[in-house]
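Coordinates in review
The residues making up each chain are set out below.
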Amino acid sequence: MSTFYFIAFLSIFFSLLVIFAKNPVHSVLYLILTFFTFTIHYILLNAQFLAVVNFIVYMGAIMVLFLFVMMLLNLNKETEPGKHYLAKLAGVIAGGCLLVTLVGSLKAYKLSAPVILHDPNLGLVKNLGKVLFSEFLLPFEISSVLLLSAMVGAVLLAKKEPRATA
Amino acid sequence: MELLDIGIKFILIVVIFLISLVVAMYSTYAERKLAAFFQDRVGPNRAGPFGMLQPLADGAKMFMKEEIIPTRASGLLFIVGPSLAIMTACIGSAVIPWGQPIQIGSRIIDLQVTDINVGILYIFGVVSLGVYGVMIGGWASNNKYSLLGAIRAASQNISYEVSMGLSIIALLMITGTLSLKEITEQQHGWHWNILKQPLGFIIFMVCSFAETNRSPFDLPECETELVGGYHTEYSSMKLGFYLFAEYINMFISSAVMATLYWGGYNYPGMDWVAAHVGPTIAPLIGVAVMFAKVFSFIFFFMWVRWTIPRFRYDQLMDLGWRTLIPLAIANIVLTGIVMTFFK
């Protein structure tokens, strides 16, 4: 339990640093650390496969792309556009709404009831695969279609527009 | 009892660590000697007999050199880059089974640091973490050539990781497990995966060349275009760490290739040998066989480096996305068809 609290503290600490870091590249690096703490959370929950996939996909691929873009943009203080105070206000309100929703939905749970893992091996690849391809087949396939459409959309956006014939 | 187990593991880790460092050290020597051989030169021959002490001399030189941190570099990250590179290179060896369990006295000792059930994915994770060392170092140098090198490294690694993962999937369909120990055990007695997955192996090998930034995929440090690539600004042992990490990565990926496709520590007639020399010596022969395989892969890496010229960058991306990925997917489909109709 103390491990959990320590890692949870680290998660929150690094996520705060993501927001407060002045340099966007540092922000991304802190975000990588945050994801690393999530990986440890998964291991603590006995979900090795999820942990390692989180490690590979989020830390190893997605965050590399984030870092990539940040490095290419070379953002610094001089070029950062000043934010209008209305935009800041909108940000605060939107964030507050999200917080209220999250707290409200968490309160609906009975926090005192301990979570019992029925099968400690559930997180292994074999069991996860079996569950995904039997019980949760439909959501699994639908999400794959969703990913495919996202991919097609990205390719479409990246494609050069045909030169207008004058 | 418990303490003894931990002690044995600790010794094993230290030994594997030392072996990877020594192998990496002597890989630099081997590379220079082989380059000399391929180009009809003599190679390093001053330090010690046949220049055998050359790596030590190089190491001492690296430590003695002046440490330069550019004023506009971002301080901490400049140091984090090479540290991360060498760290990720060193932790990859944890899941590789180096030999069968060895019996010493009445104890049976596993020659593998840990057998986690997602072993292959662990290796992938370490590989994908490795790119951060290069990226952070390249960015922190505050130099456009370093940044270009870092970005090349990142995009190259991401591109080739995809086809590497796909080539592994076909292998996993056959083996049905992610644990490297079980995969090696399944290959006992000529059931080597290379015989079932020749195409998968070729894809995996090409990808590991790209992942380790070895020639012909060494564009991140292409000196004709980028001065020195991502480590342009580095000097002293920090540069040494980057170069060293490359050789350790080469060692680890050779070990992974040998384990996944070439039977690991298995060799023909090992049962007969095991019956004759007993449970203490036989695993050691297995370890020697494993290392022989690893060394032949390292030799192959070097052979390719001094034979094939570097790709152009667009050719590299073309090969990754337009050739290897479709090939890997075709390999998966083919494997699925064969598995369904012939078993």
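Reading the values: rules and limits
- Residues numbered from 1 in each chain as written.
- Chains lettered and ligands numbered in written order.
- Predicted model: local features only at pLDDT ≥ 70, side-chain atom pairs only at ≥ 80, totals over all residues.
- Heavy atoms only, no water.
- Helix = DSSP H or I, 4+ residues; strand = E, 2+ residues; numbered from the N terminus.
- Contact = heavy atoms within 4.5 Å.
- Areas by Shrake-Rupley, 256 points an atom, 1.4 Å probe, with all protein chains shown as cover.
- Expected span 1.5 Å × (residues − 1).
- Buried < 20%, exposed > 50% of the residue type's maximum accessible area, 1.4 Å probe, protein only.
- Core = buried A, V, L, I, M, F, W, Y, C linked by side-chain atoms within 4.5 Å.
- UniProt positions renumbered as here; feature names shortened; annotations may be inferred.
- Salt bridge = Lys/Arg side-chain N within 4 Å of Asp/Glu carboxyl O.
- Polar contact = N/O pair within 3.5 Å; in protein donor to acceptor, adjacent residues only side chain to side chain.
- Nonpolar A, V, L, I, M, F, W, Y, C, P; charged D, E, K, R; others polar.

Examining the overall build of chain A
The number of helices and strands found in chain A is six helices and zero strands. Starting at the N terminus and walking to the C terminus, you meet the elements of chain A as α-α-α-α-α-α. Taking all contacts inside chain A whose residues are at least 6 apart in sequence as the whole, residues at least 24 apart take part in 54%. Looking at chain A as shown, the accessible area adds up to about 13100 Å², and 75% of this sits on carbon and sulfur atoms.

With respect to helix α2 (residues 24-44) of chain A
Its 21 residues place the ends of α2 of chain A 30 Å apart at the C-alpha level, agreeing with the 30 Å of an ideal helix rising 1.5 Å per residue. Those residues of α2 of chain A that sit buried are V25, S27, V28, L29, I32, T34, F35, T37, T39 and H41 of chain A. Check the buried side of α2 of chain A and you find it contacts α1 (2-20) and α3 (48-73) of chain A together with α3 (75-91) and α4 (119-140) of chain B. A positive phi of about 70° marks N46 of chain A, the residue just after α2 of chain A.

Remarks on the nonpolar core
All names here are of chain B. Ranked by internal contacts, the top residues of the largest apolar core, which has 110 residues, are Y132 and L260. When residues in this core are grouped by element, the largest group, 15 residues, is from helix α10 (residues 236-261). What L260 contacts, discounting residues up to four positions off in sequence, is I120, I168, L171, L180, I183, Q187, N193 and F204.

Description of the UniProt feature "transmembrane region" (unreviewed entry) in chain A
Residues and elements named next belong to chain A. When the UniProt feature table is mapped onto this chain numbering, "transmembrane region" (unreviewed entry) sits at residues 6-21, 28-45, 51-73, 85-106 and 136-158. Secondary structure over residues 28-45 splits into 94% helix and 0% strand, and the C-alpha atoms at its two ends are 26 Å apart. With 100% helix and 0% strand, residues 85-106 has end C-alpha atoms that lie 31 Å from one another.

Regarding the UniProt feature "transmembrane region" (unreviewed entry) in chain B
All names here are of chain B. UniProt feature "transmembrane region" (unreviewed entry): in the numbering of this structure it lies at residues 6-26, 73-96, 116-137, 158-178, 239-261, 281-304 and 324-342. Helix makes up 86% of residues 116-137 and strand 0%, with an end-to-end C-alpha separation of 31 Å. Segment residues 158-178 splits into 86% helix and 0% strand. End C-alpha atoms: 21 Å apart.

Quick look at the interface of chain B and chain A
Listed per partner, the contact involves 23 residues of chain B and 23 residues of chain A. Counting the contacts that link chain B with chain A gives zero salt bridges. Between chain B and chain A we count two residue pairs in polar contact (both at pLDDT 80 or more) in total. Secondary-structure elements contributing two or more residues to the side of chain B that touches chain A are α4 and α5 (144-175) of chain B. Of all the elements, α4 of chain B adds the most residues to the side of chain B that touches chain A, at 12 residues. Residue composition of the side of chain B that touches chain A, by class: 17 nonpolar, six polar and no charged.

Notes on helix α8 (residues 198-211) of chain B
Residue and element names in this part refer to chain B. In this model α8 runs 20 Å from its N-terminal to its C-terminal C-alpha over 14 residues, within 8% of the 20 Å that 1.5 Å per residue would give. Most of α8 is tucked away: 10 of the 14 residues are buried. Looking at the buried side of α8, the elements it contacts are α4, α5, α7 (193-196), α10, α11 (270-305) and α12 (313-341). Taken from the residues just after α8, N213 is the one with a positive phi, measuring 55°.

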